[in-house]
Amino acid sequence: LYLCSKYIVQRVKEKMAANTLQANTYTLRITHLVGVMLFIVLTIFNVLIGLEIIGIDTAVLMWWLTLAIGFALEETIGNMVSWLMLLSNDKIKVGKSFKLLWAYNELVKVEEFNIRYTVMRTLYKQRLIIPNMELLRTPIESKAYEELLRGRFSISLARQWDINHTKKI
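What follows covers the packing of aromatic side chains. Throughout the structure, instances matching the rule amount to one aromatic pair. Residues Tyr2 and Phe39 carry aromatic rings whose centres are separated by 5.9 Å and whose planes lie at 80 degrees to one another, so their mutual orientation is edge-to-face. Here Tyr2 is found in helix H1 (residues 2–19), whereas its partner Phe39 is found in helix H2 (residues 25–54), with 37 residues between them in sequence. A cation sits over an aromatic face here: Lys6 above Phe39, 4.9 Å from the ring centre.

Written as structure tokens, this is what we have:
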């Protein structure tokens, strides 16, 4: 079973490498990652088959394994569902600006949505990466913000100064 698993992983990696348009470090890393994940899954099946052959009931073990995987992937699955909710939200779109409240308290502009996180830029051109679940939990203040930030300031003048002349300056 071990040799069969190694052969299956090798064939999958060869197929993935053959189907890529260009081979670079990114595609090689993805191919390796998929190979490792597939080998782990096949090894788990091999252990379960071995335990069944010995005579050990694997139903409780499978229940425990399913529960553990479910808890391990809770955050990832939550971010994926949040990603779908963000894609259908009218207030948060790519290119829109809004203010994140609470702990962030930043004026941001959405650059891109990924399946696990959202990339935003602050006014100071800092890149802000927030997980999708946390972005949905954070309240936003949506206004019609322009590209340039407008501010207010006040000037106090003495009585002898001409107001119209000061406005021109």
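What follows picks up the thread again.
At Trp102, a position not held by glycine, the phi torsion is positive, near 60 degrees. With respect to the helices, strands and loops of the structure, Trp102 is situated in the loop between strand S1 (97–100) and strand S2 (106–113). Residues other than glycine seldom take positive phi values, yet Asn105 does so here, at roughly 50 degrees. With respect to the helices and strands, the residue Asn105 is situated in the loop between S1 and S2.

All right, on to the nonpolar core then. Formed by Leu86, Ile92, Phe98, Leu100, Val108, Val110, Phe113, Met120, Leu128, Ile130 and Leu135, the largest nonpolar core amounts to 11 residues. For this core, the secondary-structure elements that each account for two or more residues are S1, S2 and strand S4 (127–131). Looking at this core, the element that brings in the most residues is S2, giving three residues. Those residues in contact with Leu86, other than ones at most four positions away along the chain, are Ile92, Phe113, Thr118, Asn132, Leu135 and Leu136.

The rules behind each value
Residues numbered from 1 in each chain as written. Predicted model: local features only at pLDDT ≥ 70, side-chain atom pairs only at ≥ 80, totals over all residues. Heavy atoms only, no water. Phe/Tyr/Trp six-rings, centres within 6.5 Å; stacked < 30°, edge-to-face > 60°. Helix = DSSP H or I, 4+ residues; strand = E, 2+ residues; numbered from the N terminus. Lys NZ or Arg CZ within 6 Å of the ring centre and 35° of its normal. Core = buried A, V, L, I, M, F, W, Y, C linked by side-chain atoms within 4.5 Å. Buried < 20%, exposed > 50% of the residue type's maximum accessible area, 1.4 Å probe, protein only. Contact = heavy atoms within 4.5 Å.

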